[in-house]
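# A closer look at the structure
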Amino acid sequence: MKKKRCVCGVDLGGTKTATALIDFHGNIHHKTKKKTDVSDGAKSVMAGIVGMIRDEFEYADNHEMIVNAIGMGSGGCIDKDKGVVSYATSVFPGWIGMPIKDILQKEFDVPVSIDNDGKVTALGEGWIGAAKGVENFVCIAVGTGVTSGIVISGELYRGYGGYAGEIGHASIEMNGVECDCGNYGCLDAYVGASSIIKRVTKALKKGVKTKINDKIKGDLANVTPQTVFESAQEGDEFALSVLAEVSKYLGVGIANLINTLNPELIVLSGGLAQAGELLLKFVRPAVKQRINVQATGQINIKLTKLGEEAGVIGAAALAITNMEQS
Ligand SMILES: [Zn+2]
């Protein structure tokens, strides 16, 4: 029997790492998700990724599939030609300089492509997701951090040094709070998961009445953006106020992008997209308030179609695109 061709998509995020076997039409045949544990340093994170990929290769072998390439999206700035991490915030300690491509290529002997997770996610949405068939769009992924992928005339825009799309570190408050990157007032510091958790935990300590209390069962360590979104969807006033504030800041970031690029579509992806239609309800007016008057009639903001799978599917899209070009 002829083996089914597939690629292995890897999505390294600040909270979780996912791997998947994906065919050339974007169908997922097998996937694994694990917590990203950075406590033992970058080498141990890398070893964990190698182990997860090895398991996917083994699964492929046992199920009449063959892995033709590996694609990976990682947080931080990536030198995509060398496949090395050139910059990462303290979310990934020791990650700068990690020669990911070399390590994976030696280990698995297939072509390896790697890029920043925001760019990779945009590729996935353009391939089979919310931006399928759209030539000019920006995909913003809000999770542990905030990143984006800009697609212009059907091509991913990487910028001069490859670092285009780092919207998470765009200043939205000149004298704002400190960000993981060392700068002040970055979008990341207002809408990233840790900023939401910090804000909610502080309010809970002060005794705010909210359904979040029931969900965390008295343990502040259980506060996650998801507990906030679920409570907001149930009409909880405090959770709604948190989501409204996050949306206001995100709206400023999106408005800056729209005013600069005039894209046809903005796709919201990452953990924040789990807030669903409610998120759009808050974000749309916040954006509308700040964009060029001619663009207001054209604002088109959608949620991801690929949900949690956007990262691995995008990583597969990257691997397949590079296979086709080589
Ligand atoms: Zn920053």
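Right, let's walk through the structure included here. (Residues numbered from 1 in each chain as written. Predicted model: local features only at pLDDT ≥ 70, side-chain atom pairs only at ≥ 80, totals over all residues. Heavy atoms only, no water.)

### Topic: a nonpolar patch on the surface
What counts here: To count toward a patch, a residue needs a relative accessible area above 30% and no salt bridge. Like charges then connect within 9 Å, nonpolar side chains (Val, Leu, Ile, Met, Phe, Trp, Tyr) within 5 Å. Exposure was quantified through the Shrake-Rupley algorithm and a 1.4 Å probe, taking into account, for residues, occlusion by the shown protein chains and nothing else. Salt bridge, as used here: a side-chain nitrogen of Lys or Arg that lies within 4 Å of a carboxyl oxygen of Asp or Glu. The secondary structure listing takes helices from DSSP runs of H or I that are at least 4 residues long and strands from runs of E that are at least 2 residues long, numbered from the N terminus. Classification of residues uses two cut-offs on accessible area relative to the type maximum, computed with a 1.4 Å probe and protein chains only: under 20% is buried, over 50% is exposed, and between them is partly exposed.
A cluster of nonpolar side chains, namely Ile152, Tyr157 and Leu261, defines an oily patch on the protein surface of about 240 Å² accessible area. Here Ile152 lies in strand E9 (residues 146–152). According to the relative accessible area criterion, Ile152 is partly exposed, its value standing at 35%.

### Some words on the coordination of the zinc ion
Each donor-metal-donor angle would ideally measure 109.5 degrees in four-coordinate tetrahedral geometry, or 90 or 180 degrees in six-coordinate octahedral geometry. Threshold: Donors, by definition, are the N, O and S atoms found within 2.8 Å of a metal, the threshold being 3.2 Å for Na, K and Ca, and water is not counted, so a site can look incomplete. Irregular is the label for any site that misses the other tests, which are tetrahedral for four donors with all angles between 85 and 135 degrees, and square planar for four donors or octahedral for six when opposite donors exceed 155 degrees and the remaining angles lie between 65 and 115.
Protein ligation of the zinc ion involves His169 (ND1), Cys179 (SG), Cys181 (SG) and Cys186 (SG), the donor distances falling in the range 2.0 to 2.4 Å. Each of the four donor atoms around the zinc ion contributes to a set of angles spanning 106 to 122 degrees, which defines the coordination as tetrahedral. Positions of the donor residues of the zinc ion, expressed as sequence spacing, correspond to H-x9-C-x1-C-x4-C. Within this pair, whereas His169 is found in the loop between strand E10 (155–157) and helix H4 (188–191), its partner Cys181 is found in the loop between E10 and H4, the two being separated by 12 residues in sequence. Take His169: its relative accessible area is 25%, and that puts it in the partly exposed class.

### So, the packing of helix H5 (residues 193–205) against helix H7 (residues 225–233)
Our working rule: Throughout, an axis means a line fitted to C-alpha atoms (over the contacting stretch in the case of helices), and angles, computed between N-to-C directions, take values from 0 to 180 degrees. Roughly parallel here means an angle under 35 degrees, roughly antiparallel means over 145, roughly perpendicular means 65 to 115, and every remaining angle is called oblique. Any pair of residues with heavy atoms lying within 4.5 Å of one another is described as a contacting pair.
Running from N to C, H5 and H7 point in directions that differ by 70 degrees, and their axes come no closer than 9 Å. Comparing the axis directions of H5 and H7 gives the class roughly perpendicular. On H7, the residues that touch Ala193, Ile196, Ile197 and Val200 of H5 are Pro225, Val228 and Phe229.

### Some words on the environment of Ser269
Mapped onto the elements, Ser269 comes out in strand E11 (residues 265–269). Once the C-alpha coordinates of Ser269 and Thr121 are considered, the two residues, 148 residues apart in sequence, prove to be 8.1 Å apart. The contacts of Ser269, once residues within four sequence positions are left out, are Thr121, Glu125, Cys139, Ile140, Ala141, Val142, Thr304 and Ala310.

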